[in-house]
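A structural walkthrough
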Amino acid sequence: MVPDVQTSLDLAAERTRATFQPAEVTVLLRGGAQAVEARQQLLARLAADPVLGAGRLDDNFLSRSERFKKALARMQRIHELGLSTDPAFLSSRLFREGGAFDKAGGFGLHTGMFIPTIEMLGTDEQRAHWLPLAKNCAILGTYAQTEMAHGTNLARLETTATFDVATQEFELHSPSVGSSKWWPGGLGKSTTHCVVMAGLITPDGISRGQQSFILQLRDLATHLPLPGIELGDIGPKMGYDRVDNGFLRLTRVKVPRAQLLARHARVDPDGSFVPSSNNPKAMYGTMLFIRVYLVEESSLALQHATTIATRYSAVRRQGGGGKAGRERAVLDYQTQQTRLLPLIATAYAAHFASVALRRTYEQFRNTADLSTLPDLHATSAALKSFCTSQAAAGVETCRLLCGGHGYSLASGLPGLYAEFAPSQTYEGDNVVMLLQTARWIIKQLAAGAAEGSNDTTQSDAAHSPKIAKSLNLQCASVLADPGAYLRAAGRTANPHSQPYARSAAELASSATEGICALREAARVLSIRAAAALEAHVRSGLAPYEVAWSERASAELVEAARAHARYTLAHAFDAAVNDADIAQVASRSSLAALAKLRDLHVLCALDEGCARVLLESGHFTSAHTLGVRARVLELLPSIRRDAVALVDAFGMSDLELNSVLGREDGDVYTHMLQWARRSPLNAKQVVDGFEEHVRPIMGKASL
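The following paragraphs examine the structure supplied in this document. Keep in mind that this is a model prediction, so the values were computed, not measured.

**Describing the overall build of the chain**
The helix and strand inventory of the chain stands at 25 helices and eleven strands. A compact globule built from 702 residues should have a C-alpha radius of gyration of about 27 Å, and the chain, at 27 Å, falls within 12% of that. Across its three principal directions, the C-alpha atoms of the chain cover 90 × 85 × 60 Å. Counting across all 702 residues of the chain, residues that qualify as buried make up 53%. For the chain, long-range pairs separated by at least 24 residues make up 77% of all intrachain contacts whose partners lie at least 6 apart in sequence. Element-wise, carbon and sulfur atoms account for 56% of the exposed surface of the chain, whose accessible area totals about 29800 Å². Both charge centroids of the chain, one from 72 positive and one from 70 negative side chains, sit 2 Å from each other.

**Some thoughts on the pattern of salt bridges**
Evaluated as defined, the whole model comprises 47 salt bridges. A salt bridge links Arg487 to Asp481; the nearest nitrogen and oxygen atoms lie 2.7 Å apart. Within the structure, one salt-bridge network assembled from shared partners comprises Asp59, Arg67, Lys70, Arg74, Asp241 and Arg242.

**Let's talk about the side chain of Ser174**
Position of Ser174 among the secondary structure elements: in the loop between β3 (169-173) and β4 (181-182). Since its relative accessible area comes to 3%, Ser174 is described here as buried. Look past the residues within four positions of Ser174 in its chain and what remains in contact with it is Ser179, Leu248, Arg249 and Leu250.

**Examining the sheet that holds β4**
Sheet architecture is open: three strands sit in the order β4-β8-β7, paired in antiparallel fashion. Only two strands of the sheet have a single partner each, and these edge strands are β4 and β7 (229-233). In this sheet, strand β8 (residues 246-250) lies alongside β4 in antiparallel orientation, the contact comprising two bridges. Its bridge partner being in β8, Trp182 is matched across the sheet by Phe247.

**A short note on the nonpolar core**
Side chains of a nonpolar character, in soluble globular proteins, are inclined to be buried together. Ranked by size, the top nonpolar core spans 146 residues in total, and within it Ile344, Tyr348 and Leu605 carry the most contacts. With 16 residues, helix α9 (residues 288-315) is the single largest residue contributor to this core. Aside from chain neighbours lying at most four places away, what touches Ile344 is Thr306, Thr310, Leu596, Ala642, Leu645, Val646 and Phe649. Listed in part, the 23 residues of the second largest apolar core include Ala144, Leu172, Leu250 and Val267.

**Structural notes on unusual backbone geometry**
Of note, the phi angle at Gln168 is positive, near 55°, even though the residue is not glycine. The topology assignment puts Gln168 in the loop between β2 (160-164) and β3. Judged by relative accessible area, which is 24%, Gln168 ranks as partly exposed. Of note in this structure, Tyr240 is not a glycine but carries a positive phi near 55°. Examined against the element boundaries, Tyr240 turns out to sit in the loop between β7 and β8.

**A few points about helix α20 (residues 587-615)**
If you check α20, its first and last C-alpha atoms are 39 Å apart, about what 29 residues at 1.5 Å a residue would give, namely 42 Å. The sharpest bend along α20 measures roughly 70° and falls at Cys609. Just downstream of α20, Gly617 is the residue with a positive phi angle, here 85°.

**Some details on helix α17 (residues 511-538)**
Between its terminal C-alpha atoms α17 stretches 40 Å, which fits the 40 Å expected from 28 residues at 1.5 Å a residue. The buried fraction of α17 amounts to 21 of the 28 residues, a majority that puts the element mostly inside the structure. At the C-terminal side of α17, Gly540 shows a positive phi close to 80°.

**Section: the packing of helix α10 (residues 334-367) against helix α19 (residues 553-582)**
Packed helices, taken two at a time, are described by the angle their axes make and the gap between the axes. Two numbers describe how α10 lies on α19: the axes approach to 8 Å, and their chain directions differ by 85°. By the angle class used here, α10 and α19 are roughly perpendicular. Two secondary-structure elements touch here, α10 through Ala345, Tyr348, Ala349, Ala350, Phe352 and Ala353 and α19 through Leu568, Ala571, Phe572 and Ala575. Residue composition of the contact of α10 with α19, grouped by class: ten nonpolar, no polar and no charged.

**What to know about the packing of α17 against helix α18 (residues 544-551)**
Axis separation between α17 and α18 bottoms out at 9 Å; the angle between their running directions is 130°. As judged from the angle between their axes, α17 and α18 are oblique. Regarding α17 and α18, the two cross each other, and that crossing is right-handed. Residues Leu533, His536 and Val537 of α17 lie in contact with α18, whose contacting residues are Tyr544, Ala547, Trp548 and Arg551. By residue class, the composition of the contact of α17 with α18 is five nonpolar, one polar and one charged.

**Remarks on the side chain of Asp241**
Mapping Asp241 onto the fold places it in the loop between β7 and β8. For Asp241, a relative accessible area of 17% corresponds to the buried category. Leave out the neighbours within four places in its chain, and Asp241 touches Arg64, Arg67, Phe68 and Glu419.

**Some remarks on the pairing of β2**
Judged by which residues are buried, β2 turns out to be one-sided: Ala161 and Phe163 face inward and are buried, whereas Thr160, Thr162 and Asp164, on the alternate face, are not. Sheet topology places β2 next to β3; five bridges connect them, and they run antiparallel. Bridge assignment links Asp164 to a residue of β3, and that residue is Glu169. Here β2 hands over to β3 after four residues, with Gln168 in that stretch at a positive phi of 55°. Relative to strand β5 (residues 193-201), β2 runs parallel, the two sharing three bridges. From the neighbouring strand, Thr160 faces β5, where its bridge partner is Gly199.

**Section: the packing of aromatic side chains**
Scanning the model with the defined rule gives ten aromatic pairs in all. Between Phe89 and Phe101, the ring centres sit 6.3 Å apart and the planes meet at 35°, which makes this aromatic pair tilted. You can see Phe89 sitting in helix α5 (residues 87-90) and its partner Phe101 sitting in the loop between α5 and α6 (107-121), a full twelve residues away along the chain. Residue Phe101 is classed as buried on the basis of its relative accessible area, which comes to 1%. Taken together, Phe163, Phe170 and Phe213 form an aromatic cluster joined through their ring pairs. One cation-aromatic arrangement involves Arg328 over Tyr333; the distance from NZ or CZ to the ring centre is 5.6 Å.

**Brief notes about the environment of Leu435**
Inspection of the secondary structure assignment puts Leu435 in helix α13 (residues 430-451). Separated by eleven residues in sequence, Leu435 and Ala446 have C-alpha atoms that sit 16 Å apart. Beyond its immediate chain neighbours, meaning those up to four positions away, Leu435 contacts Trp548, Ser553, Leu556 and Val557.

Calculation notes
- Residues numbered from 1 in each chain as written.
- Predicted model: local features only at pLDDT ≥ 70, side-chain atom pairs only at ≥ 80, totals over all residues.
- Heavy atoms only, no water.
- Helix = DSSP H or I, 4+ residues; strand = E, 2+ residues; numbered from the N terminus.
- Rg over C-alpha atoms; globule rule 2.2 N^0.38 Å.
- Buried < 20%, exposed > 50% of the residue type's maximum accessible area, 1.4 Å probe, protein only.
- Contact = heavy atoms within 4.5 Å.
- Areas by Shrake-Rupley, 256 points an atom, 1.4 Å probe, with all protein chains shown as cover.
- Lys, Arg positive; Asp, Glu negative; His and termini not counted.
- Charge placed at Lys NZ, Arg CZ, Asp CG, Glu CD.
- Salt bridge = Lys/Arg side-chain N within 4 Å of Asp/Glu carboxyl O.
- Pairing = 2+ DSSP bridges.
- Core = buried A, V, L, I, M, F, W, Y, C linked by side-chain atoms within 4.5 Å.
- Expected span 1.5 Å × (residues − 1).
- Bend = angle between axes of the 7 residues up to and from the residue.
- Axes fitted to C-alpha atoms, helices over the stretch in contact; angles between N-to-C directions.
- Parallel < 35°, antiparallel > 145°, perpendicular 65-115°, else oblique.
- Nonpolar A, V, L, I, M, F, W, Y, C, P; charged D, E, K, R; others polar.
- Left-handed = near helix turned anticlockwise from the far one by under 90°.
- Phe/Tyr/Trp six-rings, centres within 6.5 Å; stacked < 30°, edge-to-face > 60°.
- Lys NZ or Arg CZ within 6 Å of the ring centre and 35° of its normal.

See the structure below:
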């Protein structure tokens, strides 16, 4: 078939018009030139492989059972090639929601939860025994916490683990239908072991809270479930059809005492429970890495979707007014730019925020400084919620931006959405995560109030040179003390703002001014939420928890979301400043990133904070109108670099799984080729036509 040369030429022309070299930004995003080179070599190797190089696009023509089996074959090939232990492969993030390869069967949670949980909760002896088995895949594990009727509400989980001194065993039991473990990936058909969360009951009858146990599920020779264990696949889902998410019911299953993961709590032979002094916090801290991972995944999902939508928008032409009598490129329409370009900016912002969050988390793991855990918990919860929500909505927006072809599975976008959407629910529903951040916000305000001070209010100082200068931090230190502004706010609890003293033009032209305004919005919303909560409690009509859940939760969520929005923008700004100071890229590359940063900050103000800043008296209508006008002014210059900005993500065709996002721009040729491969096209007269359609047609007369 003759390629559609024009679309390829159009995409190439977009690249020649860019103001910077995307390879420079790729090096910045991927952690250095060596990492980029290693990744490119890896992708070339994978593309040449007969099993792995074909990609997943044609999997859409298969049944679920066929897709599941094919994904397992890819996993086998990955292990045959030694890629499962290759640092370059593991750091490539080719295994991700909607990525190049599936975390088929139980392999996703095996490496993502089972092994890390043993590493963090196991004693030295337990790690020495279990980790070699797990890392060599002699056993395959998953993580069973979520219950059918309780989700991940640890306090309400029903599965029990009762210690028997006589046998030196724990008896694991599911006391009700609702206590069935539900959703763990690989549990249904693949895994041989799991870490199961259960409420420990010691011989004195006292409940000792949730603890983690290693449980063997299946016979290693026959792969059949062991006595007392019922498990299986939970059935078809919106996505993840290559993963056997499962259910687990336990009927008085015995587990040796040595299989309680005992780094932070143990049960002695006499039944005595011996926790470490920081047991509850330490147990919780081990789960935070999933939130860090999900912030990273949010950026990758947006990188994926915006690459497809931007490239296709550059080659898709619709309507008149184009040059030389041609139709206009869809990317030239302002309505396309206002929806797409801010999403590219958010992809970058989420990336830089995830870098800061990852560094903070690794510092916590290395130091075991539990005093930092509340801040890390609150910030990771806020960013997990905000970024996954932004990314899921952004993927769907990108699908809509591709018009009718976005609805085709050939675009890669419906599948990406189906795979990524659950991230808004697992490891904590996003609204619940924001409410957890809100509890931290209330505590920060209370701490500030307890300190007491005659200092000026946060809003008084919001735009002082000292405060503005403090924002120019390195990316790694953005999260060093995320509650400082809230404690300052708590000293006065002023729900109003000082009027912003500078002009609309000054506000719209300075990222630092915009970020200060985002912080002011978060401050005001936090004070309002705290006041609403206190008012409901003082009224005597509602106890604290009722007031929290039923009277003030909407305002609390809004405050937490504002904190996340401010943190995200701050991280983006710090990363750009950091790159500028370190001179890790050319002036043209840094200028392109700075414009994208400005767009992100202004859109955050325009869409998320303008109302509250008007209400608080901080902004006038002139300020909000100026912000909106500056957004529209930035669009044409960023549109010129749009293709280069997504090229800088460095996503290969193997990863994108999309005919619309092809790097060469030859969209229509490959869309037709893909359609021709549909099994329905194997015959000109489809099965069922003669049996069911012909009789209907036979009743009609021409």
